[in-house]
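Each chain is listed here by its residues.
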Amino acid sequence: MTQNTPPTYKDPKPLGNGKVAVVTGASTGIGEATVRRLRESGWTVYAVARRAERLEELARETGASAAPTDITDQAQVDALRDRVLGEQGTVDAILNISGGARGTDTVADAKDEDWQWMYDVNVMGTLRVVRAFLPTLRANGEGTVLNLTSIAAQRAYEGGAGYNAAKYAERAMTEALRLEEAEHNVRVVEVAPGLVHTPEFSLMRLGGDQAAADKIYAGVEKPLSGQDVAEVCAFAVELPHHVDLDTITVKPVAQAAPHKMIRTNN
């Protein structure tokens, strides 16, 4: 005899006042942590990513709504928008956490397919989600867009040109959006993390080379966690709406600057 498994999530605290958020990149890392954090404070959250099985598990654990979507496909993004608005009628915040890097090639050795993928995910994916939901965010009266960029959007480095280019572009889009949407009272926030311990991100960038991925964090006692960045994202969207944190750079203390990382001897 089988029994239905009860939900494992706890009733959230009513701090979110039932507000509705769409969080992309929700199947892992910062995106997943952001879904958990917003659910804890009472938001209705649509968890967006391509990997449906991970989203379903996250939904069981948190009470979020799994919304499998490939943000590089406009038709799927439009279907996501139609579903959210059909079920909720409005959206209060869009958190574009999805992104990624591929490769560490120099410009001289750059692979077109890697650069195209990074641009499609980091820039065009963010554009598609923002564009789809902007009319609703305007109609809401107090809508928020939060885009997760990176310190790679602030300082270029050798072997990072493709990711730099994509994140610089995402940052420029975010700044332009802030100018364009202020008259509609749409708050636009950029969060730019430094070193975050997100193993899947590093493995993807380094083609599955575990040793190379581990080296990134070697000797850094306390890199940021996905939860750390999620806390910053949640804080930014839960502030009174007239308060815009604009651009937030968040790094571990050990990362004094992109070029200076304090590492202990191993």
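Residues numbered from 1 in each chain as written. Predicted model: local features only at pLDDT ≥ 70, side-chain atom pairs only at ≥ 80, totals over all residues. Heavy atoms only, no water.

Colleague: Describe helix 8 (residues 226-238), and please don't skip the residues or the numbers.
Modeller: Under the 1.5 Å per step criterion, the end-to-end length of helix 8 is 18 Å for 13 residues, consistent within 8% with the ideal 18 Å. Listed in full, the buried residues belonging to helix 8 are Gly-226, Val-229, Ala-230, Val-232, Cys-233, Ala-234, Ala-236 and Val-237. Looking at the packing, one finds that the buried side of helix 8 touches helix 1 (29-40), strand 4 (93-96), strand 5 (144-148), strand 6 (187-193) and strand 7 (247-250). (Helix = DSSP H or I, 4+ residues; strand = E, 2+ residues; numbered from the N terminus. Expected span 1.5 Å × (residues − 1). Buried < 20%, exposed > 50% of the residue type's maximum accessible area, 1.4 Å probe, protein only. Contact = heavy atoms within 4.5 Å.)

Colleague: Before we move on, can you summarise the nonpolar core with the specific residues and values?
Modeller: Leu-38, Leu-95, Leu-146 and Val-191 are the most contacted members of the largest nonpolar core, which totals 32 residues. Among the elements that take part in this core, helix 8 stands out by supplying six residues, more than any other. When residues no more than four places from it in sequence are discounted, the contact partners of Leu-95 are Ala-21, Val-22, Val-23, Thr-24, Thr-34, Leu-38, Leu-146, Cys-233 and Val-237. Judged by nonpolar contacts, the second largest core, of 21 residues, contains Val-20, Val-48, Val-130 and Val-145. (Core = buried A, V, L, I, M, F, W, Y, C linked by side-chain atoms within 4.5 Å.)

Colleague: An account of the pairing of strand 6 is requested, with residue identities and associated values reported.
Modeller: Here strand 6 lies mainly inside the structure; seven of its seven residues are buried. Both faces of strand 6 are covered, namely the face carrying Arg-187, Val-189, Val-191 and Pro-193 and the face carrying Val-188, Glu-190 and Ala-192. Across five bridges, the pairing between strand 5 and strand 6 is parallel. If you follow Thr-144 over to strand 6, its bridge partner there is Arg-187. Sheet analysis places strand 6 next to strand 7, joined by four bridges and oriented parallel. (Pairing = 2+ DSSP bridges.)

Colleague: Go over the sheet that holds strand 5, please, and point to the residues and values.
Modeller: Pairing within the open sheet is parallel, and its seven strands lie in the order 3-2-1-4-5-6-7. Single-partner strands in this sheet number two, and they are strand 3 (65-68) and strand 7. Put simply, the sheet's adjacent strands are angled 15° from each other on average, direction ignored. Judged from the four bridges that link them, strand 4 and strand 5 form a sheet pairing that is parallel. By the bridge assignment, Ala-93 is partnered in strand 5 with Thr-144. Packing against the sheet, helix 4 (residues 112-140) makes contact with strand 1 (20-24), strand 4 and strand 5, and its axis sits at approximately 175° to strand 4. (Axes fitted to C-alpha atoms, helices over the stretch in contact; angles between N-to-C directions.)

Colleague: Provide a residue-level description of the pattern of salt bridges, including the pertinent values.
Modeller: According to the stated counting rule, one finds 15 salt bridges in the structure shown. Among the salt bridges present, the one from Arg-171 reaches Glu-175, with a minimum N-O distance of 3.5 Å. Here Arg-171 and its partner Glu-175 are both found in helix 5 (residues 161-181), four residues apart, which amounts to about one turn of the helix. Accessibility expressed as a relative area gives 21% for Arg-171, which makes it partly exposed. Residue classification places Glu-175 among the partly exposed residues on the basis of a relative accessible area of 35%. In this structure, Asp-246 and Arg-178 form a salt bridge, with 3.4 Å as the shortest nitrogen-oxygen distance. (Salt bridge = Lys/Arg side-chain N within 4 Å of Asp/Glu carboxyl O.)

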